[in-house]
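# Descriptive structure summary
Here is how the chains run, residue by residue.
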Amino acid sequence: MSTSATSRHSALTLAQNDVEAAVEVALIWAQARDGAGRPVIGVRGDIPWRVPEDFKHFQAHTRGHPIVMGMGTWLSLPKRPLPDRTNIVLSDVPGWADSDEAAGAIVVGSLAEALAVAAPGGETTWIVGGGQVYAQAMAAGLATRLEVTEIDLVVDGDTFAPPVDPTAWQATATTDWRTSAGEQALRYRFITYRPTQLGG
Ligand SMILES: NC(=O)c1ccc[n+]([C@@H]2O[C@H](COP(=O)([O-])OP(=O)(O)OC[C@H]3O[C@@H](n4cnc5c(N)ncnc54)[C@H](OP(=O)(O)O)[C@@H]3O)[C@@H](O)[C@H]2O)c1
């Protein structure tokens, strides 16, 4: 555990240097909230709501681009890999890259490696989860854009979105609340955040 934590720390330092290689590193997630107001993104390896419009939003942003995710998120996908995208998966488990579970993924051992593999030509790289990977990317200051879907739902969760520091991030676009045509008819809205120092 501690070895893994140490190697991840070094990886983040490297990743900060590598970030220039990618024009844009964007994080995308959808969040509801729990009874304590925390931003829930998952529970028991799944997402505890269905909003088809958010699924389309995710596809529209990420299709044609490299996507980076942790092994937890990879294993949660109903169908792997996600089509028309280079699927890059973070894992430290020795030998896992050669297993059937990893078929269709490029397996890397650090965020730095993920970014180097993802965007040698400088295109947008999407970091698509989950909780551990969002937290690392935010802590490392890697992101230049956040696409957050707010779902108007109170639900129990065990995985949470990273904090979005209002002194570091500003909402540059916010849609009205809309009602999903999905079975749960949940209200949702899309918010784009950019770093405050880059301006709106
Ligand atoms: N609402 C949303 O938008 C959204 C989006 C994505 C995911 N989710 C949800 O989030 C949950 C999964 O998130 P999670 O936090 O449990 O898992 P995760 O972040 O998807 O994956 C964690 C795993 O990734 C690997 N990993 C992470 N950082 C690494 C690094 N720097 N180097 C090497 N390997 C690294 C490790 O795998 P090894 O153990 O193999 O080393 C770790 O156990 C699920 O419930 C999913 O449905 C929600």
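Presented here is an overview of the structure given in this document. In this numbering scheme, every chain counts its residues from 1 along its sequence in written order. Where local features are concerned, this predicted model is filtered to residues with pLDDT of at least 70; where side-chain atom pairs are given and counted, the filter is 80 or more; whole-chain, interface and lining totals use all residues.

Before going further, it helps to examine the overall build of the chain. Comment: elements are numbered from the N terminus, with helices defined as DSSP H or I runs of at least four residues and strands as E runs of at least two. Looking only at helices and strands, the chain has five helices and eleven strands in total. Partly exposed residues are those whose C-beta has more than 12 but fewer than 20 other C-beta atoms within 10 Å; with 20 or more the residue is buried, with 12 or fewer it is exposed, and the C-beta atoms are placed from the backbone. By residue count, 34% of the 200 residues in the chain fall in the buried class. Look at the contacts in the chain between residues 6 or more apart in sequence, and 72% of them connect residues 24 or more apart. Residues are treated as contacting if the C-beta atoms built from their backbones sit within 7 Å of each other.

Looking now at unusual backbone geometry. Following arginine 80, the chain continues to proline 81 via a peptide bond in cis, the omega torsion being -10 degrees. Although it is not a glycine, arginine 44 adopts a positive phi angle of roughly 45 degrees. With respect to the helices and strands, the residue arginine 44 is situated in the loop between strand E2 (40-42) and helix H2 (52-62). Assessed through the 10 C-beta atoms surrounding it within 10 Å, arginine 44 is described here as exposed. The residue aspartate 84 is not glycine, and still its phi comes out positive at about 60 degrees. Examined against the element boundaries, aspartate 84 turns out to sit in the loop between helix H3 (71-76) and strand E4 (87-90).

As a further point, take the nonpolar core. By our criterion, buried Ala, Val, Leu, Ile, Met, Phe, Trp, Tyr and Cys residues that link up through C-beta atoms within 7 Å make up a nonpolar core. Formed by 44 residues in total, the largest nonpolar core has its most connected members in Leu27, Val89, Ile127 and Ala137. If one sorts the elements of this core by residue count, strand E1 (residues 24-33) sits on top with seven residues. Among all residues touching leucine 27, those that are not within four sequence positions of it are Ile127, Tyr134, Ala137, Ala143 and Leu146.

This brings us to the site of the ligand. With respect to spatial proximity, 31 residues lie near the ligand, and among them Gly42, Gly70, Gly72, Gly129 and Gly130 are the closest. If you list the elements that add at least two residues to the shell around the ligand, you get helix H1 (2-18), E1, E2, strand E3 (67-70), H3 and helix H5 (131-139). Each residue belonging to the shell around the ligand can be placed in one class, and the counts come to 13 nonpolar, 15 polar and three charged. Placing a C-beta atom from the backbone of each residue, we mark the residue near a molecule or strand if the atom is within 6 Å of it. Asp, Glu, Lys and Arg are counted as charged, while Ala, Val, Leu, Ile, Met, Phe, Trp, Tyr, Cys and Pro are counted as nonpolar; the rest, among them Gly, fall into the polar class.

Of all ten residues that make up E1, seven are buried, and the element is covered over most of its length. Note: two strands are recorded as paired if DSSP finds a minimum of 2 bridges between them. As defined by bridge partners, E1 adjoins strand E6 (residues 124-127) across four bridges and the pair is classed as parallel. Paired with valine 25 across the bridge in E6 is threonine 125. As paired strands, E1 and strand E7 (residues 145-154) are joined by seven bridges and run parallel to one another. Within the sheet, the bridge partner assigned to alanine 26 lies in E7 and is arginine 145.

Looking at helix H4 (residues 111-118), one finds that the buried residues are Leu111, Ala112, Ala114, Leu115 and Ala118. The buried residues of H4 occupy an angular sector of 160 degrees when projected down its axis, which confines them to one face. By definition, the arc is the one covered by directions from the helix axis to the C-beta atoms.

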